[in-house]
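The lines below spell out each chain.
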Amino acid sequence: MKIHNFSAGPSILPQEVFEEAARAVLDFNGSGLSLLEMSHRTKPFEDVMDEAHALVKELFGLSDDFSIAFVTGGASTQFFQIPMNLLNDGDKAVYIDTGVWANKAIKEAKNFGQTIVAASSKESNYNYIPKDYIVDKDAKYLHLTSNNTIYGTQQNWWPDVEVPIVCDMSSDIFSREIPIDKFGLIYAGAQKNMGSAGVTLVAVRKDMLGHVSRTLPAMLDYRTHIDNGSMYNTPPVFPIYVSMLVMRWIKKMGGVKAMETINDAKAKILYDEIDRNPLFKGTTAVEDRSKMNVCFVMEDNSMDDAFMALTKQHGISGIKGHRSVGGFRASIYNAMPQSSVQVLVDLMREFEVSKG
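Right, let's walk through the structure included here. (Residues numbered from 1 in each chain as written. Predicted model: local features only at pLDDT ≥ 70, side-chain atom pairs only at ≥ 80, totals over all residues. Heavy atoms only, no water.)

**Considerations on the overall build of the protein**
Point 1. Tallying secondary structure elements over the protein gives 9 helices and 14 strands in all.
Point 2. Over its C-alpha atoms the protein spans a radius of gyration of 21 Å, differing by no more than 12% from the 21 Å that the globule rule assigns to 356 residues.
Point 3. Its C-alpha atoms give the protein principal-axis dimensions of roughly 65 × 55 × 30 Å.
Point 4. When contacts within the protein are restricted to residue pairs at least 6 apart in sequence, long-range pairs at least 24 apart make up 67% of them.
Point 5. Of the roughly 15,000 Å² of accessible surface on the protein, 50% is carried by carbon and sulfur atoms. (Helix = DSSP H or I, 4+ residues; strand = E, 2+ residues; numbered from the N terminus. Rg over C-alpha atoms; globule rule 2.2 N^0.38 Å. Contact = heavy atoms within 4.5 Å. Areas by Shrake-Rupley, 256 points an atom, 1.4 Å probe, with all protein chains shown as cover.)

This is the structure in structure tokens:
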């Protein structure tokens with residue numbers, strides 16, 4: 001039976017990426033060596049790293065004003081590494097609180113500078129993205145979380161502010177076009193939409209760096225990784241390779257613009273059924289609905305187990321909602337085929353008939 005993987009992360013990847021990565025584990029490009037045992041200082045892997053850097057710039061449309069680094073520690077490390085690199089003790093940064101991950105970033109930033117929470121949707125269990133807030137012109141940056149996997153909300157608009165935007169794009173990176181000129185730093189853990197767990201992407205505008213007076217440990221200074229081509233120390237070789245394969249696949253599919261069209265179509269199919277079917281309802285403000293993580297509940301939650309059992313019978317995996325929201329969460333990242341979304345929609349209709 002085909003498994004339809006709606007997991008929020010680590011998440012579904014393109015089948016051809018799995019196959020190519022599996023071959024590399026056994027024999028990388030006919031070298032007789034596994035990628036897992038190959039030195040990162042050899043030309044074959046240096047070529048992988050160079051292509052990965054180049055693909056990030058191409059897919060984002062980045063100018064030479066930006067530098068790329070592949071680092072470790074996930075987005076959670078970036079929560080403190082960003083203010084450590086960008087804020088002096090008296091400097092100001094503005095944060096928008098849209099969920100668990102934004103809140104964790106806020107707590108870490110308070111250790112390094114003046115941290116202003118300009119808006120929050122916590123009072124409504126983060127079911128919308130705040131829109132009316134003021135960003136001080138003297139702030140060093142505005143921090144946003146572009147997509148909130150737990151709550152199913154997404155930043156579907158970008159504020160017009162006079163400071164650079166720093167953004168956690170862990171769960172919707174390369175899923176849509178963005179106005180790159182608004183951004184100063186973008187970061188993303190790979191495991192939700194870009195690759196396998198173990199590597200984190202940072203794209204940072206060069207003029208953002210080198211202004212703090214504190215001493216930065218070498219491993220926590222972005223310039224260390226940039227100056228050494230993401231190979232100051234042994235990098236996470238296999239996750240970087242998988243991310244490179246995923247980005248190569250996105251390029252083959254037509255790039256970020258094409259992915260956005262595909263993702264819009266998938267999300268519409270599912271949200272249309274949620275809005276039509278009297279047994280289900282969405283949990284987020286319509287204008288802030290995520291096209292990556294679709295959260296919904298049943299009007300009568302006593303039916304949850306029966307619907308979950310039905311989906312399991314038909315090969316649907318990872319659809320249980322986060323405990324903070326309950327119900328169901330269908331993560332429909334770039335690699336999720338529309339056919340799998342249609343399977344879920346058909347089961348929702350079947351369930352409606354059976355309970356009608």
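**Digging into the pattern of salt bridges**
Point 1. Under the criterion given, the structure shown has 24 salt bridges.
Point 2. The shortest N-O distance in the salt bridge between aspartate 275 and arginine 289 comes to 2.8 Å. Placement of the pair is aspartate 275 in helix H7 (residues 255–276) and arginine 289 in the loop between strand S11 (280–282) and strand S12 (293–298), with a sequence separation of 14 residues.
Point 3. On the accessibility criterion, arginine 289 (10% relative accessible area) is buried.
Point 4. Overlapping salt bridges bring together Glu273, Arg276, Asp346, Arg349 and Glu352 as one network. (Salt bridge = Lys/Arg side-chain N within 4 Å of Asp/Glu carboxyl O. Buried < 20%, exposed > 50% of the residue type's maximum accessible area, 1.4 Å probe, protein only.)

**Thoughts on helix H8 (residues 304–313)**
Point 1. Taken together, the buried positions of H8 are occupied by Asp304, Phe307, Leu310 and Thr311. Axial view of H8: buried residues confined to an arc of 130°, hence all on one face. Opposite the buried face of H8, at more than 90 degrees from it, the exposed residues are Asp305, Lys312 and Gln313.
Point 2. One or two residues past the end of H8 sits glycine 315, with phi positive at roughly 80°. (Arc of directions from axis to C-beta.)

**Regarding empty space enclosed by the protein**
Point 1. Evaluation of the coordinates by the stated rule reveals 2 cavities of 30 Å³ or more.
Point 2. In this structure, the largest cavity occupies an estimated 40 Å³ of space.
Point 3. As for the largest cavity, its lining consists of Ile12, Leu13, Pro14, Asn193, Val246, Trp249, Tyr333, Asn334 and Ala335.
Point 4. Classifying every residue of the lining of the largest cavity by side-chain character gives 7 nonpolar, 2 polar and no charged. (1 Å grid on protein atoms, 1.4 Å probe; cavity = no way out; pocket = protein on both sides within 12 Å on 5 of 7 lines; lining within 4 Å. Points joined across faces, edges and corners; volume = space filled by probe spheres on them. Nonpolar A, V, L, I, M, F, W, Y, C, P; charged D, E, K, R; others polar.)

These figures come from the coordinates and say nothing about function on their own.
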